[in-house]
Amino acid sequence: MLGPIFQNFEAFVTDSLGEDAWEEVILRSELSEPDAAYSSLGMYPDSDLSALLNASVEISGLEASVLLERFGIFLLMRFSERFPAYFESSDGVISFLTSVDRHIHVQVRKLYPEAVTPSVLVQHPPDGPVIIAYSSERKLCALARGMIKGAIDYYNRSGSVEEVQCMHNGADQCLFELRLDS
Ligand code: HEM
C-alpha cells in the first residue's frame, strides 16, 4: 500500500487515540519499516497496515472494523483537503462515488503504477436504494464504508450505509445500500 495511507493512519491514531498512542502502536507491531518511517512515494506491504491496525485494536479496545471505518471517514476528509478538485468536480455524493472508479482511482494508478486500487461500482436503480459494489483482495470493506460515510458528510448530506453482502462471509464482492435523506 502507498506511503500516504500509512502517514494518514499515523495522523488518525494520534488524533483519535492520543499523542502517545502511535509510539505504543509501533512498539507492538512487527513492521517491514524500522520506526514506521513511511515516505510519501514509498510502497509498503499490506501486512504492515494489518499489524498497525491490530496494535491499535489492542490499545483502544475497539474492534478492527470500527477503527477501519473511523479511519475511512478521517481519510476521506484528508483527501478532500489534499485533492479538493476531485470533490469540487462532482455535484453530490453519488456522482462523487461514481467518479472514484471511473476517474480518481484511474488517476492514482497512472501516478503510481504499483498501486492496486479496489473496484468501487455504483448502481442507481430507479426504484430502490443506490448500490455500491466493492471488491478487493484486501477485503477492506469497513474502510470503504467509512469513506462512503465521509463522502456523505463532505457533501453535507445525511443518510445510511448498510452492508447487505460481504466478502468476509464468502461473497465475491461487498454490497452497500446507500440511502440519502431528502
Ligand atoms: C479523493 C478521493 C480518493 C482518493 C485520492 C483515493 C486514493 C486511494 C489510494 C491512493 C489508495 C491506495 C492504493 C494503494 O496503495 O495501492 C486507495 C485505496 C482505497 N480506496 Fe480510494 N481514494 C479516494 C476515494 C475513495 C472512496 C470514496 C472510496 C469508497 C469506497 C475508496 C475506497 C478505497 C479503499 C477501500 C482502498 C483500500 C485498498 C483496497 O481496498 O484494496 N476510495 N484509494
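Refer to the structure printed above.
Residue positions are counted from 1 within each chain, in the order its sequence is given. Given that this is a predicted model, residues contribute local features only at a pLDDT of at least 70 and side-chain atom pairs are listed and counted only at 80 or more, while totals for whole chains, interfaces and linings are drawn from all residues.

### Things to note about the site of the ligand
Nearness here has a simple definition: the residue's C-beta atom, placed using the backbone, must lie within 6 Å of the molecule or strand. Not every one of the 25 residues close to the ligand is listed here, only the nearest: L2, A115, P118, S136 and M147. Following the grouping adopted for this structure description, the nonpolar residues are Ala, Val, Leu, Ile, Met, Phe, Trp, Tyr, Cys and Pro, the charged ones are Asp, Glu, Lys and Arg, and the polar ones are all others, Gly among them. Class assignment of the residues belonging to the shell around the ligand gives a composition of 21 nonpolar, three polar and one charged.

### Remarks on the sheet that holds strand β4 (residues 174-180)
Being paired, for any two strands, means DSSP has found at least two bridges between them. Each helix is a run of H or I in the DSSP string that is no shorter than four residues. Each strand is a run of E no shorter than two, and both are numbered from the N terminus. Pairing is antiparallel in the open sheet, where four strands are placed in the order β1-β2-β4-β3. On the outer flanks of this sheet lie β1 (119-123) and β3 (159-165), each paired with one strand and no other. Between one strand axis and the next, the sheet turns through 25° on average, direction left out of account. Two elements, β3 and β4, share six bridges in a ladder whose sense is antiparallel. Counterpart to V161 in the pairing with β4 is L178. Contact definition: two residues whose C-beta atoms, as placed from backbone geometry, lie within 7 Å. Every axis corresponds to a line fitted to the C-alpha atoms, with the helix fit spanning only the stretch in contact, and the corresponding angles, defined between N-to-C directions, vary from 0 to 180 degrees. Where helix α7 (residues 141-154) meets the sheet, its contacts fall on β1, β2 (130-135), β3 and β4, and the angle it forms with β3 comes to roughly 160°.

### Some thoughts on the nonpolar core
By definition, a nonpolar core groups buried Ala, Val, Leu, Ile, Met, Phe, Trp, Tyr and Cys residues that are joined through C-beta atoms within 7 Å. Buried residues are those with 20 or more other C-beta atoms within 10 Å of their own C-beta, exposed residues have 12 or fewer, and partly exposed residues lie in between; C-beta atoms are placed from the backbone. Counting residues in each nonpolar core, the largest one holds 45 residues, and the members touching the most others are F71, L97, I132, A144, I148 and A151. Tallying contributions element by element places α7 first for this core, with eight residues. Non-local contacts of L97, meaning those with residues more than four positions away in its chain, are made with V122, I132, I148 and A151.

### Topic: unusual backbone geometry
The residue D35 is not glycine, and still its phi comes out positive at about 60°. Structurally, the position occupied by D35 is in the loop between α2 (21-28) and α3 (46-60). For D35, a count of 8 C-beta atoms within 10 Å puts it in the exposed group. You will see that A36, though not glycine, has its phi angle at about 55°, which is positive. Along the polypeptide, A36 turns up in the loop between α2 and α3.

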